[in-house]
Amino acid sequence: MSGQPPLQGIRVIEFAGLAPGPFAGLMLADAGASVLRIDRPSSSSGAPAPPADDLLTRHKRSVAVDLKNRRGAALVRALATRADVLIDPFRPGVLEALSLGPAELLRRNPRLVYARLTGFRRDGRFAAMAGHDINYLAVSGVLALLGRRGAPPTPPANLLGDFAAGGAMLVHAVLMALLARERTGRGQVVEANMVDGASYLASFARFARRTPVWDRPRGENLLDSGCPFYDCYETADGRWVAVGALEDRFFARLVAGLGLQGQGWERGRRHDRAQWPELRRLMAEAFRSRTRAEWERVFVGTDACCTPVYDYGELEEDREGKEGDQRPAVTLRDTPLLAVRRDARDASHGQGPGVDGEGYAGRRLEPGCGAEETLKEWLGWSRGDQFEVEAGGLVLKDKAQL
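The rules behind each value
Residues numbered from 1 in each chain as written. Predicted model: local features only at pLDDT ≥ 70, side-chain atom pairs only at ≥ 80, totals over all residues. Heavy atoms only, no water. Domains from an automatic or database assignment. Buried < 20%, exposed > 50% of the residue type's maximum accessible area, 1.4 Å probe, protein only. Helix = DSSP H or I, 4+ residues; strand = E, 2+ residues; numbered from the N terminus. Arc of directions from axis to C-beta. Contact = heavy atoms within 4.5 Å. Core = buried A, V, L, I, M, F, W, Y, C linked by side-chain atoms within 4.5 Å. Pairing = 2+ DSSP bridges. Axes fitted to C-alpha atoms, helices over the stretch in contact; angles between N-to-C directions.

(A) Examining the domain arrangement of the chain more closely. Under the domain assignment used here, the chain contains domain 1 (11–202 + 328–396) and domain 2 (230–317). In this structure, domain 1 and domain 2 have C-alpha centres spaced 42 Å apart.

As structure tokens, then:
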């Protein structure tokens, strides 16, 4: 029988934001942490505010608080005394101005891990500027690596900056700080920024620039679409396959499947860069001669390193056949994470009933949804005793804690 999720009992305050902050909260919530998002209430009629434009809400709850209201900010300070982690997605100085900065909250709760996430470095030349994923990749040096020969640098949507370099790196920092707290008994401020995160993720690429693997301009190297046996090819039905046959024995299997054996490619001809345009032409013609499904029948189950390129529509439609069922990112066999899909069957699928959407349809979290239950669990509070509602947001009743 599985034990509790690994972060069961960890309490997390997440200030509402977009992309990287909510993704960090999602990773912690999926691991069993109690994550409470701080949302803005309506400031006019007192009616509930519309849901935040955020679909990364699985396993989370929300409390609506007007942080500019002194009693609202006081309520958050009280929550922070019982929290293990706080996620700050704002520009430097925003929470300090509300008396919610790390100095204030760590004084009240020395065990708190105060996790701060920015796009640019806090001490760099771009620190005061607004930016998005593409900008952070640009100044980190990573964006210049991405794209085909003769084409502009190509941003990989916002996957690399926001989610990998931002949210996931912040969780990496939080978990290390929680481990350190086991030794020291004290929390600390942890900081992540997407410039440093992206640069770190690209460590291999930076080192490889001084080797034959990546010493040429963008789109002319082994792993960046410059090499014909590490690229994508269109099939007869307008779909795509991905080829990554780098090793000789894998390439030989690919050549055999394509019907290109006997031309010297598998005996070393492929390593002559001058021959790459001809090899690319032959491979492209071969792949266009059959449908993707036909190529799957040729290559699936072999070591040719040739796979279909599935889109999410296909994966959602045929989750079992195409391995598109959504699971936690990692498997802890004894203490699995929470499930994504409703019919989780074993530790690799997570534990518990999962959530609606099967990992393909996110749901917005209504501001205030689950707030009173969380206040009861964390603090033993109830409405009318320790807190009340004012203009759609919760505020502290006890003025002595202001």
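(B) View of helix α10 (residues 292–299). When we look at burial in α10, the residues that qualify are Arg 292, Trp 295 and Phe 299. Taken down its axis, α10 places every buried residue within 60 degrees of arc, on the same side. At its buried positions, α10 is contacted by β8 (240–244), α8 (248–258), α9 (276–287), β9 (306–308) and α11 (312–317). Within two residues after α10, Gly 301 carries a phi angle of roughly 95 degrees, on the positive side.

(C) Molecular detail of helix α4 (residues 133–140). By the burial criterion, the buried members of α4 are Asp 133, Tyr 136, Leu 137 and Ser 140. Buried positions in α4, seen along its axis, are confined to an arc of 95 degrees and lie on one side of it. For α4, the secondary structure elements touched by its buried residues are α5 (159–184) and α6 (194–201). Taken from the residues just after α4, Gly 141 is the one with a positive phi, measuring 95 degrees.

(D) Region of interest: the nonpolar core. Core analysis: the largest hydrophobic core is formed by 29 residues, its most contacted members being Ile 13, Phe 15, Ile 38, Leu 75, Leu 79, Leu 86 and Trp 381. When contributions to this core are tallied by element, the ones reaching two or more residues are β1 (11–15), β2 (34–39), α2 (70–80), α3 (102–108), α12 (371–379) and β11 (393–396). The greatest single-element share of this core, amounting to 6 residues, is contributed by α2. Setting aside its immediate chain neighbours within four residues, Phe 15 contacts Ile 38, Leu 67, Val 76, Leu 86, Ile 87, Pro 89, Phe 90, Leu 95 and Leu 100. One finds Ala 245, Phe 251, Met 283 and Ala 284 within the second-largest nonpolar core, a separate group that totals 24 residues.

(E) Looking closely at the sheet that holds β8. Reading across the sheet, the 3 strands line up as β7-β8-β9 and stay open at both edges, with antiparallel pairing between neighbours. The sheet terminates laterally at β7 (230–234) and β9, the two strands that pair on one side only. Across the sheet, the axes of successive neighbouring strands diverge by a mean angle of 25 degrees, strand direction being ignored. Taken together, the 3 bridges between β8 and β9 define a ladder with antiparallel strand orientation. Note that in β9 the partner of Val 243 across the bridge is Cys 306. Strands in contact with α9 are β7, β8 and β9; relative to β7, the strand with the most contacts, it is inclined by about 40 degrees.

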